[in-house]
Amino acid sequence: MSTPLFIAASRIFDGEQFLTDTGLIVEDGKVTTQLPAAERPAGCRLLILDEATVVPGFVDLQVNGGGGVLFNNAPTLDGIRTICDTHARFGTTSLMVTLITDTADVRENAIEAAAEAAARDLPGYLGLHFEGPHLSLARKGTHDPALVRPMAAEDLAALVACGNRIGHAMTTVAPENVTPSQVSALVAAGFKVSLGHTDCTAVDVPAYVAAGASLITHLFNAMSQLGNREPGLVGAALSEGALHCGLIADGFHVDPVTMGVALRAKRGPGRIFLVTDAMSSIGSDETGFELNGRQVYRRDGRLTLADGTLAGADIDMLTSVRLAHRTLDLPLEEALRMASAYPAEAIGATSKGRLMPDCDADFAVLSPELELRSTWIGGECVFDATAAGSAR
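Read on for a plain summary of the structure. (Residues numbered from 1 in each chain as written. Predicted model: local features only at pLDDT ≥ 70, side-chain atom pairs only at ≥ 80, totals over all residues. Heavy atoms only, no water.)

**A look at unusual backbone geometry**
Next, step 1: Residue proline 133 is bonded to the preceding glycine 132 through a cis peptide linkage, with omega at 15°.
Next, step 2: The backbone of aspartate 28 sits at a positive phi, close to 50°, despite the residue not being glycine.
Next, step 3: Inspection of the secondary structure puts aspartate 28 in the loop between strand S3 (22-27) and strand S4 (30-36).
Next, step 4: Even without being glycine, aspartate 300 reaches a positive phi, approximately 55°.
Next, step 5: Looking at the secondary structure, you find aspartate 300 in the loop between strand S17 (294-299) and strand S18 (302-304).
Next, step 6: Overall, the relative accessible area of 73% leaves aspartate 300 in the exposed class. (Helix = DSSP H or I, 4+ residues; strand = E, 2+ residues; numbered from the N terminus. Buried < 20%, exposed > 50% of the residue type's maximum accessible area, 1.4 Å probe, protein only.)

Put into structure tokens, the structure is as follows:
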């Protein structure tokens, strides 16, 4: 058992409220106690953070890559490690590495890499998100149409077999190519099922919710839209309380006005939470990369195919939080919840997203200007911006 760590900062956001003159005690990677800073017990290591805010580490359920690595192109343990290490530089302490539509061979390599990451308890790794290939051709987005297909018996068997090996398991599917009974089988195997990349109507959705689907993948993007006579998946997502909705807040995928309308309209208890949909460009100087044999271009904060189709996002979670706070005029507490507590709730990661007793000691230290100072996972510093700056 390690020596307890006592953390004191100008203020601490515990996932529900800002605390001042309060400290946290961390033991064996967990928050054990909140107590007044003046009551610091003897025998603790000290982490005193002046003019800083401690916030729960960010939880990102859709990360395709980072640090020059795209998971589809490097479905390996080293690939996952690079992606997790890169996003820790932006305050993310838990992420679901995401496999975009690809071949069965790539899927199997991804499963084995994810299983190894889970077995090793790799810092930052939360689970594996299969985004496709069982999507709608009409709403394929950047997914390769040659690889999009209905879910066959062997596809279902492969996913069911890995559900308890890869940490948290999630898949994005379209009602056009997956049946409610297949959704039920996935949920029984431990998967969270998300609806997305679909042209379904609103009346199609309740059967999938009844089967256990509980999330929506990147709300508004690659789905049937809210119309005056047909609510589409967007309308169903906002009105169905059981559905948690990911949102890409980069200012390109969804207009800020639309984001604000959705946040005001969403019926709970399901929440809208932030995802980055980040590609390999995050934390790198690359100007483009290849996806399924097609070139993706990086220009002016956007990633696109040659025809202009958006191909993931070029944004990190801390930048997303700042946009939600400053552009959408959300209280900072709510913007932080959208990046931590709400996605943790959506995926059932009960120890993540908060800094309360029995929660993992995963946190980010921010300056008053909301710049990252350091990132901690399990009570251990995994990134120090000051040290990184001096190293450069």
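**Considerations on the packing of aromatic side chains**
Next, step 1: The full count for this structure, using the stated rule, is three aromatic pairs.
Next, step 2: A ring pair is formed by phenylalanine 130 and phenylalanine 191, whose centres lie 6.1 Å apart and whose planes are at 35°; its orientation type is tilted. Taken together, the residues phenylalanine 130 in strand S10 (residues 125-131) and phenylalanine 191 in strand S12 (residues 191-195) connect sequence positions 61 residues apart. Taken as a pair, phenylalanine 130 and phenylalanine 191 share a single burial class, namely buried.
Next, step 3: Here phenylalanine 363 and tryptophan 376 contribute two aromatic rings whose centre-to-centre distance is 5.3 Å and whose plane-to-plane angle is 10°, an arrangement assigned as stacked. Remark: tryptophan 376 occurs in strand S20 (residues 372-377) and phenylalanine 363 occurs in strand S19 (residues 363-366); sequence separation between them is 13 residues. As far as burial versus exposure is concerned, phenylalanine 363 and tryptophan 376 are alike and both buried.
Next, step 4: Between the NZ or CZ atom of arginine 11 and the centre of the ring of phenylalanine 18, over which it lies, the distance is 4.1 Å. (Phe/Tyr/Trp six-rings, centres within 6.5 Å; stacked < 30°, edge-to-face > 60°. Lys NZ or Arg CZ within 6 Å of the ring centre and 35° of its normal.)

**Quick look at the side chain of asparagine 292**
Next, step 1: Its location among the elements puts asparagine 292 in the loop between strand S16 (288-291) and S17.
Next, step 2: Here aspartate 102 takes part through its side chain, which lies 3.3 Å from a polar atom of the side chain of asparagine 292. (Polar contact = N/O pair within 3.5 Å; in protein donor to acceptor, adjacent residues only side chain to side chain.)

**Quick word on the packing of helix H3 (residues 153-162) against helix H4 (residues 180-188)**
Next, step 1: Remark: H3 packs on H4, axes separated minimally by 9 Å, with the N-to-C direction vectors making an angle of 20°. Looking at the two axes, H3 sits roughly parallel to H4. Pair H3 / H4 crosses with right-handed handedness. Listed contacts from H4 to Leu156, Leu159 and Val160 of H3 are Gln182, Ala185 and Leu186.
Next, step 2: When its residues are assigned to classes, the contact of H3 with H4 shows five nonpolar, one polar and no charged. (Axes fitted to C-alpha atoms, helices over the stretch in contact; angles between N-to-C directions. Parallel < 35°, antiparallel > 145°, perpendicular 65-115°, else oblique. Left-handed = near helix turned anticlockwise from the far one by under 90°. Contact = heavy atoms within 4.5 Å. Nonpolar A, V, L, I, M, F, W, Y, C, P; charged D, E, K, R; others polar.)

**With respect to the pairing of strand S21 (residues 380-384)**
Residues in a regular strand project their side chains so that they alternate between the two faces of the sheet.
Next, step 1: Both S20 and S21 contribute to a ladder of four bridges, which runs antiparallel. The residue of S21 that forms the bridge with threonine 375 is phenylalanine 383.
Next, step 2: Between S20 and S21, which pair antiparallel and follow one another directly, the connecting turn spans two residues, one of which, glycine 378, has a positive phi of 60°. (Pairing = 2+ DSSP bridges.)

**Focus on the nonpolar core**
Next, step 1: Counting residues in each nonpolar core, the largest one holds 96 residues, and the members touching the most others are Leu61, Tyr125, Ile166 and Leu219.
Next, step 2: If near-sequence neighbours (up to four positions away) are discounted, tyrosine 125 is found in contact with Ile80, Cys84, Leu95, Val97, Ala114, Ala117, Ala118 and Ile166.
Next, step 3: Core analysis: the second largest hydrophobic core is formed by 16 residues, Ala9, Leu49, Val54 and Ala361 among them. (Core = buried A, V, L, I, M, F, W, Y, C linked by side-chain atoms within 4.5 Å.)

**Some details on the pairing of strand S11 (residues 168-173)**
Next, step 1: The element S11 is largely enclosed, with a buried count of five among its six residues.
Next, step 2: In terms of strand pairing, S10 meets S11 through five bridges, oriented parallel. By the bridge assignment, leucine 128 is partnered in S11 with alanine 169.
Next, step 3: Each parallel crossover has a hand, and for S10 linked through H3 to S11 it is right-handed.
Next, step 4: The sheet contact formed by S11 and S12 spans five bridges and is parallel. The partner of alanine 169 across the bridge, within S12, is phenylalanine 191.
Next, step 5: The β-α-β motif built from S11, the intervening H4 and the parallel element S12 has right-handed crossover chirality. (Right-handed = clockwise from strand over helix to strand, strands pointing away.)

**Comments concerning the environment of arginine 354**
Next, step 1: Within the fold, arginine 354 resides in the loop between helix H10 (341-347) and S19.
Next, step 2: C-alpha separation for the pair arginine 354 and glutamate 16, spaced 338 residues apart in sequence, amounts to 7.8 Å.
Next, step 3: A polar side-chain atom of arginine 354 sits 2.8 Å from a polar atom in the side chain of glutamate 345.

**Notes on the sheet that holds strand S14 (residues 244-248)**
Next, step 1: Within the open sheet, the eight strands sit side by side as S6-S9-S10-S11-S12-S13-S14-S15. Their pairing is parallel. The sheet terminates laterally at strand S6 (58-63) and strand S15 (272-275), the two strands that pair on one side only.
Next, step 2: Bridging between S14 and S15 involves four bridges; their strand directions are parallel. By the bridge assignment, glycine 246 is partnered in S15 with phenylalanine 273.

**Topic: empty space enclosed by the protein**
Next, step 1: Overall, the coordinates contain three cavities of 30 Å³ or more when judged by the stated rule.
Next, step 2: Quantified by volume, the largest cavity comes out at close to 100 Å³.
Next, step 3: For the largest cavity, the lining is made up of 15 residues, of which Arg107, Phe130, Gly132, Pro133 and His134 are closest to its centre.
Next, step 4: Listed by contribution, the elements that provide at least two residues to the lining of the largest cavity are strand S9 (92-100), helix H2 (104-119) and H3.
Next, step 5: Of the residues in the lining of the largest cavity, the class split is six nonpolar, five polar and four charged. (1 Å grid on protein atoms, 1.4 Å probe; cavity = no way out; pocket = protein on both sides within 12 Å on 5 of 7 lines; lining within 4 Å. Points joined across faces, edges and corners; volume = space filled by probe spheres on them.)

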